[in-house]
Amino acid sequence: MFGAHETMTRTTDNPFGPKIASELYSVGIILLQLGETRKAAFQFRKALLVAPNYCDAALALGYCLHELREFEEALAVYDRLLSASPVSTAAWNNRGTTLLEICCYAEAAASFSHALELNPRLYDARVALATCYQALGLVEESLSACNSVLAEVPEHAEAHWNKSLLLLLKGDYPQGWREYEWRWKKRNFTSPLKKFTQPSWHGDSVAGKTILIHAEQGFGDTLQFCRYLPLVANLGAGVIFECHPPLVRLMECLAENTDVVAMGQQLPLFDMHVPLLSLPKIFGTVVETIPASVPYLAPPLDCLLSWRGLVPDESRHKVGLCWAGKSYPDPRRSCPVEQLSPLAGIDNISWYSLQVGWEDALPFVMNDITGNIRDFADTAALISRLDLVITIDTAVAHLAGALGKPTWLLLPSAPDWRWMRERNDSPWYPSMRLFRQSVTAGWEECIAEVVSALRQESSSLQGCQAL
């Protein structure tokens, strides 16, 4: 749970100290098993007061603090433990886990490396080290770490998962899609494996049959890979698409011979089923054969009509802006809103917020009509009224790309696999332009490039209007 068992060092003259500390530790473990993490932490603290070098209690306390997201205090606990016991493999490993959680990748890598020097058979630690390397842009080193685990533990699902992301990032799609199927064996995968009595589809003939395609993972994944549904329908199959409720209205416009069902609703009868993100493997997708014809999504007509009144025609360039996403899976993808302020100095721009639910202050004046958004069909209609979308890596990017809207995507230095490396375009979205952080710089340099490009865009628009 929180590291290998390590013995208690007696550091008190009280002969009953170790016994008392052990009892307090046992109470803490019971509370932890009951889900009372904060109360458990209190018991582990008391145990450490009695026996300050009680390794198990320190490891348990650090684990609790990590779970409570009190990361700095967790690190302090691990550092105290390592000061007294520098050969504590579990402490080095757990310290690395906490540093990884707060995106201190270089320090996390150093901690995992210490743990692996003490115990090379900590395979999960080596996979975590691979994650650190990937975040630091050391792709080959990360791949090597995964392969070293798989050489000894061929069924290690987490190593296969990390390897799949690295291969896809490099553009090795054939091997990457094969490895990607290991996601269903990965611990705590974001989507549950669906089990049906009907067989899975692996690419055999589906003419005259009905196939259930079920969405998985996040909104962006569904928006990116729903492009494969028409390909399945073109094989002569009837298609049922199960997806997130906020996507249903938009997906109903996707393809003929396709029924869209919200997750949680009763499914119609079907003959076979397949997860959405297994379709690239089935269709043998490589970079050169990505089905990239856009737009492949369009807002419903009634949405489009209603949003015309909310986003009027005007002479200025209408630009939508989205700057924040969920911290998982990549907390570094969001751009602090104050760093967007240089955009305010560009003339001939009407700014529109695409940041639903944003309540904090904005760095400059924007039109915010996101309160009218009910689902992704509305978001699609809003985007369709704009001239350009500037966004971080979130569902808005995939939606704008799927609509064929000119889209500028702001990427961290270690991007998600789908954006590949060292290119300013995307084979998935022909209307998209990528702006990447450098390894050493933050968002300031990236925003400066956007400002320069946007000034050129604005000048071109003014020149066309003058003609």
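Residues numbered from 1 in each chain as written. Predicted model: local features only at pLDDT ≥ 70, side-chain atom pairs only at ≥ 80, totals over all residues. Heavy atoms only, no water.

A. Examining helix α10 (residues 173–180) more closely. Along α10, the residues that are buried comprise Y173, G176, W177, E179 and Y180. Along the long axis of α10, the arc covered by the buried residues comes to 165 degrees, so they all point the same way. Residues of α10 that are buried make contact with α9 (157–170), α11 (219–225) and α14 (279–282). For α10, the N-terminal capping position is held by D172, with its side-chain oxygen 3.5 Å away from the main-chain nitrogen of Q175. (Buried < 20%, exposed > 50% of the residue type's maximum accessible area, 1.4 Å probe, protein only. Helix = DSSP H or I, 4+ residues; strand = E, 2+ residues; numbered from the N terminus. Arc of directions from axis to C-beta. Contact = heavy atoms within 4.5 Å. Polar contact = N/O pair within 3.5 Å; in protein donor to acceptor, adjacent residues only side chain to side chain.)

B. Inspection of the packing of aromatic side chains at higher detail. Following the criterion strictly, the structure yields 23 aromatic pairs and no others. Between the aromatic rings of W161 and Y180, the centroid separation amounts to 5.3 Å while the plane-to-plane angle is 35 degrees, which identifies the pairing as tilted. Separated by 19 residues along the polypeptide, W161 in helix α9 and Y180 in helix α10 bring together distant segments of the chain. Overall, W161 belongs to the buried group, its relative accessible area being 12%. Relative to F376, the ring of F219 has its centre 4.9 Å away and its plane inclined at 55 degrees; by these criteria the two rings are tilted. In this pair, F219 sits in helix α11 while F376 sits in helix α16 (residues 376–384), placing the two residues 157 residues apart along the sequence. (Phe/Tyr/Trp six-rings, centres within 6.5 Å; stacked < 30°, edge-to-face > 60°.)

C. Seen up close, the pattern of salt bridges. As enumerated under the stated definition, the model contains 20 salt bridges in all. Residues R183 and E216 are paired through a salt bridge, measuring 2.8 Å at the closest nitrogen-oxygen approach. Of this pair, R183 sits in the loop between α10 and β3 (210–214) while E216 sits in the loop between β3 and α11, placing them 33 residues apart in sequence. Taking relative accessible area as the criterion, E216 reaches 2% and is therefore assigned buried. The partner of D378 in a salt bridge is R374, and the shortest N-O contact between them spans 3.0 Å. Classification of R374 as exposed rests on a relative accessible area of 63%. When salt bridges that share partners are traced, they join R249, R374, D375 and D378 into one network. (Salt bridge = Lys/Arg side-chain N within 4 Å of Asp/Glu carboxyl O.)

D. Structural detail: the state of the cysteines. What the rule picks out here adds up to 0 disulfides. Unpaired in this structure, C64 has its nearest cysteine sulfur neighbour in C55, at a distance of 16 Å. C64 sits in the buried class, given a relative accessible area of 0%. Free of any disulfide, C243 has its nearest neighbouring cysteine sulfur in C226, separated by 8.8 Å. (Disulfide = S-S within 2.5 Å.)

E. View of the sheet that holds strand β7 (residues 317–322). Ordered in space as β8-β7-β9-β10-β11, the 5 strands form an open sheet in which the pairing is parallel. Across the chains shown, the open sheet's two edge strands, defined by having one partner strand only, are β8 (349–353) and β11 (432–436). Each strand of the sheet is rotated relative to its neighbour by a mean of 20 degrees, with strand direction disregarded. Here β7 pairs with strand β9 (residues 388–392) via 4 bridges, running parallel. Bridge pairing in β9 links C322 to T391. (Pairing = 2+ DSSP bridges. Axes fitted to C-alpha atoms, helices over the stretch in contact; angles between N-to-C directions.)

F. Up close: the pairing of β11. Along β11, 4 of the 5 residues are buried, which leaves the element largely enclosed by surrounding structure. Both strand β10 (residues 407–411) and β11 contribute to a ladder of 5 bridges, which runs parallel. Among the inter-strand pairings, L409 is bridged to a residue of β11, identified as L434.

G. Summary view of the layout of surface pockets. Within this model, the second largest pocket holds a volume of roughly 260 Å³. Along its surface, the second largest pocket is lined by 15 residues, and S413, P415, R421, E422 and V439 are the ones closest to its centre. (1 Å grid on protein atoms, 1.4 Å probe; cavity = no way out; pocket = protein on both sides within 12 Å on 5 of 7 lines; lining within 4 Å. Points joined across faces, edges and corners; volume = space filled by probe spheres on them.)

H. Representation of the packing of helix α5 (residues 89–101) against helix α6 (residues 105–118) in the model. At a closest axis distance of 8 Å, the pairing of α5 and α6 adopts a crossing angle of 160 degrees. Overall, the two elements α5 and α6 adopt an arrangement that is roughly antiparallel. Crossing angle aside, the handedness with which α5 passes α6 is left-handed. Contacts from T89, W92, N93, R95, G96, T97, L99 and L100 of α5 reach α6 at Y105, E107, A108, S111, F112, H114, A115 and L118. Here the contact of α5 with α6 is built from residues that sort into 8 nonpolar, 6 polar and 2 charged. (Parallel < 35°, antiparallel > 145°, perpendicular 65-115°, else oblique. Left-handed = near helix turned anticlockwise from the far one by under 90°. Nonpolar A, V, L, I, M, F, W, Y, C, P; charged D, E, K, R; others polar.)

Honestly, it's all geometry; don't read function into it.
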